[in-house]
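Each chain is listed here by its residues.
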Amino acid sequence: MKSNRLERLLAFCAIVILTIAVLTACGSPSSDQTADESFDSEKSSSDSTVLTFAWWGNQVRNDLTQKANEKYHELNSGVTVQGSFYQWSDYWSKMATQSAGKQMPDIIQMDLSYIDQYVSNGQLLDLTPYIESGALDTSKIDENVLLMGKVGEGNYGIPAGVNVMCLFYDKAITDSVGVTIEDNMTFDAFVEIAKKITAETGYRAKLIYDANYMRDWARAEGISIQKAQMPVDSADAYIPFFQILETGVAEGWHTTPDVMTGNAIEMEPLVYGSTPETMSWCTLNGGSNQLTALQKAAKEGQEITVSTIPTKDPIKSNYLKPSMFFSISADTKNPDAAVAFLNYLINSKEANDILLGERGVPINTDIAEYIYDKITPGEQKVVKFVTEVVAPNCSPIDPPDPKGSSELNAALRDIVEKVGFGEYTAEQAAQEYFTRGTEIFSETGQ
Amino acid sequence: MNSIQKLSRWLNREGVAGVVFSLPFIIGFLLFLAVPMGLSLTYSFCNYDILSPARFTGLSNYIKIFTNDQTFISSVKATFYFALVSVPLRLVFALIVALILVRPTKAVGFYRAAYYLPSIIGGSVAISVLWRRMFAVDGVVNSLLTLAGIPANLNWLSNTRTAIWTLIVLAVWQFGSSMLIFLAALKQIPVSLYEAAEIDGATAGKTFFNVTLPLLTPTIFFNLVMQTINGFLAFTQSLIITDGRPLNTTLFYAVYMYRQAFQYGNAGYAAALAWVMLAFIGILTFILFQTKKYWVYRQD
C-alpha cells in the first residue's frame, strides 16, 4: 500500500519535471528568432550579425522589402537581415505577444496609433543618441518630419515615408458635369458641387464613413484629440460633424451606409459597383499613397485623381503624416547594426532604388528627388501633391493617438452607421460619441 | 538484476504504466487547457493590455459587461439569432439529405462525399471571401436573380435585414458532418421495425414519424448540442464576410472578443467576455439536457 503510494508520487514528480522541461523548451530556442539571437551572440565577434525586421503590408511591399534586405547583405556581407511580414491585424497580435516575451524583432514597422503605447511600455529604443552622433543621418530630413517620431522626451520612430489625407475623386464624372475640384476648396463650395453632381448624374459623395473625416474636421475646429481625454466639455461641439452626414443623407448628396461594405480598396464604392446608386464620385479612404491602388482598381473610363479634403480651414486640417515609422526594439542585441540598417533604408540610393517610395514619399529630400524619375506618373502625381500642394499649406500633426483611440474610433464607426441609417439624429450621435469617449479615456487613463 | 531491468520492472507496474501512458494527454491538458484557462480566468479580473503587466481590478470587467456595454448586447443578440436560426435549419437540411442518401444506389458514395465537402471547407477564409463576392452588388447572386427575371441590385452584406442571412445560409450549407452522423444512425434502425410497420399497413409518412424520427432523437439531440455550441463560437464568417456590419447585426460574440483583445488592447475584458460566454453555453447546454427526457427516445 505504502510503496504503491510512493510510486504514484514518483510518477507524479516525473510528470511535473517533464512539464517543466517542455515549458522551458518552448520558452527558449524553439522559435527561429531566439535561435538567431543565440547565433549572433556567439558569432558577433567574427562579424556575422543577423537582424530581424518585421512589417505589415501587401505583396508588392513584401517583395520590394525582401529585395532591399538582400541588397543590404550584398553591400555588408557581415549582416543578414531576416524579414517577416504579416497582414495589419495579425501583425499587431504578433508584436503584442512577442513584446510580452521580450522577443520583438530588431527593426519594426510602427504605426502612429500604436507608437505611444509601445513607448510607454519601454519597448522601443530612443534614437536621439544615434541622431546626435550622426550614426543615423538626418541632415536631409525636414525638422518637422523628424519630430513626428517624438514621444515625450525621446525620438522613437523615423517616418518610413510621408503621406497626407486627401480626397479621391473621379475626374471623368466632374468633367461630365462641367465642374472642377480646386485644391484647398472650402467645405461649402464642396457641398455645392456635390449637390450639382448628384442632381445631374445620380452619383453621391462619400465623406463620413467609419472614423474617416473626424480628425480633419476636428482639426479645423481646433478640437482634435491631443491626449487621453475628450478635448471638449460638452457633446454639443460634435453636433455639426454629425449634421454634415445627417443633412447630406437627407438632401441626397451623401452616400448611405448600405452602399459600403468596408474600407478595402477593392470594395471602395468610388471604383466598385455597377450603377450611380451603388457608387460614389469621391471618397476619403486612407492616405495619398492609396492613389495608385485606386487607379489600378478603377474601371475603364474612370479617371481617379486626388485633391485636398474639403474643410473650412485647409491649413488647420491638413498635415503631413508619417505613412508609418521604422522603430528599433528596446530588446535588440545589436542596436548599432540595427541603426546602420535603418540609415540604409532611409538615406541610401541603393535601398530606395528598390523600394521606390512604396511606403510614401521618402523623407530624405535628396532621395525623394532621386527616385522621382523612376516612378510611375500616378506616383509622381502623389509626390507633387504632397510636396507642392499640401506641404506649403498645412500645420503640424497631432501627437500620437493616446491609448483608447482605436476603441473610440470603433464606437464612432457604429455611431456614424446609425446616423447614416437614420437611427440617430446628429444630437443623439454627438451625445453618444462624447459619452463613449469620456468613458473609454477614463478607463485607459486609470 | 541490472538497473535497466529494474527500471523496466518499475515502469511495468500497473500504477506507473497507467500514468506513463496517460502522460501525453495529461501534459497536453495541463499545457494547452488548464494553464491557459487559469491565466484567462486571472486576466478576467485584471486590466490587461498584453503589452504592460496586468493590474488587478476585481469584478469591474464583469460589471461593465452587464451594466454598460451596448456592443456586448448587440453581439449577444446577433450570436443568439445566428445560432438559434442556423442550427435547426442545418439539422433539418442534414436530415433530409441523409434520408435521400441512405438509399443504396450506385452514385451514393460520390454524393455523400460531395455533400460533406462544404463542412470541411466551409469555415475557411477562402470560402468566406468567396461568399463576400457572391453577395456583393455585382456578385453572382444578384446576377442570377436578374437572369431569373427579378432585377436585383441589393447590397446583401450591408442591408440590416439580409446581412445575417448570408451568414446563416453559409452555415446551413455546411450540413455535412451532421448528415454523416444521421446517415450512420439511420442505418442502425432495425429493418424489422420497418417490416412490422409495413405489415400493419403504415404509410410512408407514418413510418417516418413513428419509427424513424423517434429512433433518431438521440442522434438529433447529440447534433443539436454539438452544433449549438459550435454556432455560438462562429468567428471567421462574421470577421471576413461582414466585419460585423451593418449596425453590428452580424457582430458575433467571438469577433467582439477578438476586437477587444487585439484591436482595442483590452485583453482582460476579452477574457471576462470569454468566461461569460462559457457560462451562456453551459446554461444552454444544461437546459437542453433538461429537455432531454421529454423528447429523446430511450431504449431500455
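Along each chain, the written sequence defines residue order, and numbers are assigned to residues from 1. Naming scheme: in the order in which they are written, chains are lettered from A and ligands are numbered from 1. Local features in a predicted model are, by the rule used here, given only for residues with pLDDT of at least 70; side-chain atom pairs are given and counted only at 80 or more, and totals for whole chains, interfaces and linings are based on all residues. To obtain the side-chain values, all non-hydrogen atoms of the structure were included, while hydrogens and water were left out.

Structural notes on the overall build of chain A
Here's step 1: If you tally the helices and strands in chain A, you get 19 helices and 11 strands.
Here's step 2: For every residue, the accessible area obtained with a 1.4 Å probe (protein chains only) is divided by the maximum for its type, and the residue is called buried under 20%, exposed over 50%, and partly exposed between those limits. In chain A, which comprises 446 residues, the proportion classed as buried is 54%.
Here's step 3: What makes two residues a contact is simply this: any of their non-hydrogen atoms within 4.5 Å. When contacts within chain A are restricted to residue pairs at least 6 apart in sequence, long-range pairs at least 24 apart make up 76% of them.
Here's step 4: Using the Shrake-Rupley algorithm and a 1.4 Å probe, accessible areas are obtained, with residue cover drawn only from the displayed protein chains. Surface exposure of chain A reaches about 18900 Å², of which carbon and sulfur atoms provide 52%. Helix and strand definitions here come from DSSP, where helices need a minimum of 4 consecutive H or I residues and strands a minimum of 2 consecutive E residues; each element is numbered from the N-terminal end.

Considerations on the overall build of chain B
Here's step 1: Counting its secondary structure elements, chain B contains 14 helices and 2 strands.
Here's step 2: Values of the radius of gyration come from C-alpha atoms, whereas the globule rule sets the reference at 2.2 Å times the count of residues to the power 0.38. For 300 residues, the compact-globule estimate of 2.2 N^0.38 gives 19 Å, and the C-alpha radius of gyration of chain B, at 25 Å, exceeds that figure by more than 25%.
Here's step 3: Considered along the principal axes of its C-alpha atoms, chain B spans approximately 70 × 65 × 40 Å.
Here's step 4: Going through the 300 residues of chain B one by one, you find that 44% of them count as buried.
Here's step 5: Restricting to contacts in chain B with at least 6 residues of sequence separation, those with at least 24 account for 68%.

A closer look at helix α17 (residues 377-390) of chain A
Here's step 1: With 14 residues, α17(A) should reach 20 Å at 1.5 Å per residue; the first-to-last C-alpha distance of 18 Å fits that figure.
Here's step 2: Every buried residue of α17(A) is listed here: G378(A), Q380(A), V382(A), V383(A), F385(A), V386(A), V389(A) and V390(A). Take the residue count of a helix, subtract one, and multiply by 1.5 Å to get its expected span.

A few points about the packing of helix α3 (residues 59-75) of chain A against helix α14 (residues 335-347) of chain A
Residues and elements named next belong to chain A.
Here's step 1: Lines fitted to the C-alpha atoms define the axes, with helices restricted to the stretch that makes contact. Angles between their N-to-C directions range from 0 to 180 degrees. Contact pair α3 / α14: the axes reach a minimum separation of 11 Å and the direction vectors enclose 115 degrees. Of the two possible hands of crossing, α3 and α14 adopt the one that is right-handed. For the pair formed by α3 and α14, the contact residues are A68, N69, K71, Y72 and L75 on the first element and A337, A340, F341 and Y344 on the second. Each crossing is labelled by how the near helix is turned from the far one, with a counterclockwise turn of less than a right angle marking it left-handed and a clockwise turn marking it right-handed.

Side note on the interface of chain A and chain B
Here's step 1: The interface of chain A with chain B comprises 47 residues on the first partner and 41 residues on the second.
Here's step 2: Throughout, buried area stands for the accessible area (probe radius 1.4 Å) lost by two parts on being put together, summed over both. Interface area, chain A with chain B, both sides summed: about 4000 Å², of which 53% is carbon and sulfur.
Here's step 3: Throughout this description, the term salt bridge denotes a Lys or Arg side-chain nitrogen within 4 Å of a carboxyl oxygen of Asp or Glu. In this structure, the connection of chain A to chain B is made through 2 salt bridges.
Here's step 4: Note that D243(B) and R413(A) form a salt bridge whose closest N and O atoms lie 3.1 Å from each other.
Here's step 5: Pairs of N or O atoms are called polar contacts if they sit within 3.5 Å, as long as, within protein, a hydrogen donor faces a hydrogen acceptor (for residues adjacent in sequence, only side-chain-to-side-chain pairs). Our count for the contact surface shared by chain A and chain B stands at 8 residue pairs in polar contact (both at pLDDT 80 or more).
Here's step 6: Within the residue set of the side of chain A that touches chain B, elements represented by two or more residues are α1 (2-27), α4 (88-100), α5 (112-120), α18 (405-420) and α19 (426-444) of chain A.
Here's step 7: Per-element tally for the side of chain A that touches chain B: the top contributor is α1(A), with 8 residues.
Here's step 8: Only Asp, Glu, Lys and Arg are considered charged, only Ala, Val, Leu, Ile, Met, Phe, Trp, Tyr, Cys and Pro nonpolar, and every remaining residue, Gly among them, polar. For the side of chain A that touches chain B, the class distribution of residues is 19 nonpolar, 15 polar and 13 charged.

Digging into the domain arrangement of chain B
Think of interface size as the accessible area that goes away when the parts come together; that is how it is often given.
Here's step 1: Residue ranges assigned to each domain were obtained from an automatic or database domain assignment. For chain B, the assigned domains read domain 1 (3-43) and domain 2 (68-295).
Here's step 2: Measuring from the centre of the C-alpha atoms in domain 1 of chain B to the corresponding centre in domain 2 of chain B gives 37 Å.

Let's talk about the domain arrangement of chain A
Residue and element names in this part refer to chain A.
Here's step 1: When its domains are assigned, chain A resolves into domain 1 (39-163 + 322-392) and domain 2 (167-318 + 403-444).
Here's step 2: Relative to domain 2, the C-alpha centre of domain 1 lies at a distance of 31 Å.
Here's step 3: With 13 residues of domain 1 at the contact, the number on the domain 2 side is 13 residues.
Here's step 4: Between domain 1 and domain 2 lies a buried interface of about 1000 Å² when both sides are counted; carbon and sulfur atoms form 65% of it.
Here's step 5: Ranking the residues of domain 1 by area buried against domain 2 places N163, V382 and F385 at the top, with a combined share of 40%.

Quick word on the environment of M95(A)
All names here are of chain A.
Here's step 1: Along the polypeptide, M95 turns up in helix α4.
Here's step 2: Measuring from C-alpha to C-alpha, the distance between M95 and A338 comes to 18 Å, with 243 residues separating the pair along the chain.
Here's step 3: Apart from residues lying up to four places away in sequence, M95 is in contact with A54, M104, P105, I108 and Y118.

Remarks on the sheet that holds strand β10 (residues 304-307) of chain A
All names here are of chain A.
Here's step 1: If you walk across this open sheet you meet the 4 strands as β8-β9-β7-β10, and the pairing is mixed. Sheet topology places β8 (204-205) and β10 at the edges, where each strand pairs with a single neighbour.
Here's step 2: Two elements, β8 and strand β9 (residues 280-283), share 2 bridges in a ladder whose sense is parallel. Considered in β9, the bridge of A205 is made with C282.
Here's step 3: Along the sheet, helix α9 (residues 187-201) contacts β7 (167-170), β8 and β9; its crossing angle with β9, the most-contacted strand, is approximately 155 degrees. The rule for pairing is simple: two strands pair if DSSP sees at least two bridges between them.

Let's talk about the pattern of salt bridges
Here's step 1: Evaluation of the coordinates by the stated rule reveals 15 salt bridges over all chains.
Here's step 2: With a closest N to O distance of 2.9 Å, E268(A) and K206(A) form a salt bridge. Placement of the pair is E268(A) in the loop between α11 (239-251) and β9 and K206(A) in the loop between β8 and α10 (214-221), with a sequence separation of 62 residues.
Here's step 3: Assessed through its relative accessible area of 0%, E268(A) is described here as buried.
Here's step 4: Its relative accessible area of 1% is what places K206(A) among the buried residues.
Here's step 5: Linking R259(B) and D243(B) is a salt bridge whose minimum nitrogen-to-oxygen distance equals 3.3 Å.

Structural notes on the packing of aromatic side chains
Here's step 1: Paired rings are identified among Phe, Tyr and Trp, the last through its six-membered ring, by centres lying within 6.5 Å, and are further divided according to the angle between planes into stacked (under 30 degrees), edge-to-face (over 60) and tilted (the rest). Enumeration according to the criterion identifies 44 aromatic pairs over all chains in this entry.
Here's step 2: Through successive ring pairs, a cluster of aromatic residues spans F187(A), F190(A), Y213(A), W217(A), Y238(A), F241(A), F242(A), W253(A), W281(A) and Y433(A).
Here's step 3: The ring of Y269(B) carries the charged tip of K64(B) above its face, separated from the ring centre by 4.8 Å. Only Lys NZ and Arg CZ are tested; either one counts as a charge over a ring when it is within 6 Å of the ring centre and within 35 degrees of the ring normal.

Let's talk about the state of the cysteines
Residue and element names in this part refer to chain A.
Here's step 1: Sulfur atoms of two cysteines make up a disulfide when they are within 2.5 Å. Applying the stated criterion across every chain yields a total of 0 disulfides over all chains.
Here's step 2: Take C394: it sits in no disulfide, and the sulfur closest to it among the cysteines is that of C166, at 14 Å.
Here's step 3: Of the residues examined, C394 reaches a relative accessible area of 24% and is grouped as partly exposed.

Let's talk about the confidence of the model for chain B
All names here are of chain B.
Here's step 1: The pLDDT score gives, residue by residue, the confidence of the prediction method on a 0 to 100 scale. For chain B, mean pLDDT is 86; residues scoring 70 or higher make up 98% of the total.
Here's step 2: Looking across chain B, the model is least confident in helix α5 (residues 108-121), with a mean pLDDT of 81, and most confident in helix α14 (residues 267-295), with 91.
Here's step 3: Across the interface, the model reports ipTM at 0.72; the global pTM reads 0.75.

Topic: the pairing of β9(A)
Here's step 1: Relative to β9(A), β7(A) runs antiparallel, the two being bridged by 2 bridges. Paired with F168(A) across the strands is T283(A), a residue of β9(A).

A few points about the sheet that holds strand β11 (residues 320-328) of chain A
All names here are of chain A.
Here's step 1: With mixed pairing, the 5 strands of this open sheet are ordered in space as β2-β1-β3-β11-β6. The sheet is open, and its two borders are formed by β2 (79-86) and β6 (158-164), each paired with just one other strand. Sheet twist, expressed as the average angle between the axes of neighbouring strands with direction ignored, equals 20 degrees.
Here's step 2: Sheet contacts for α4: β1 (49-56), β2 and β3 (107-110); angle to β1, the most-contacted strand, approximately 135 degrees.

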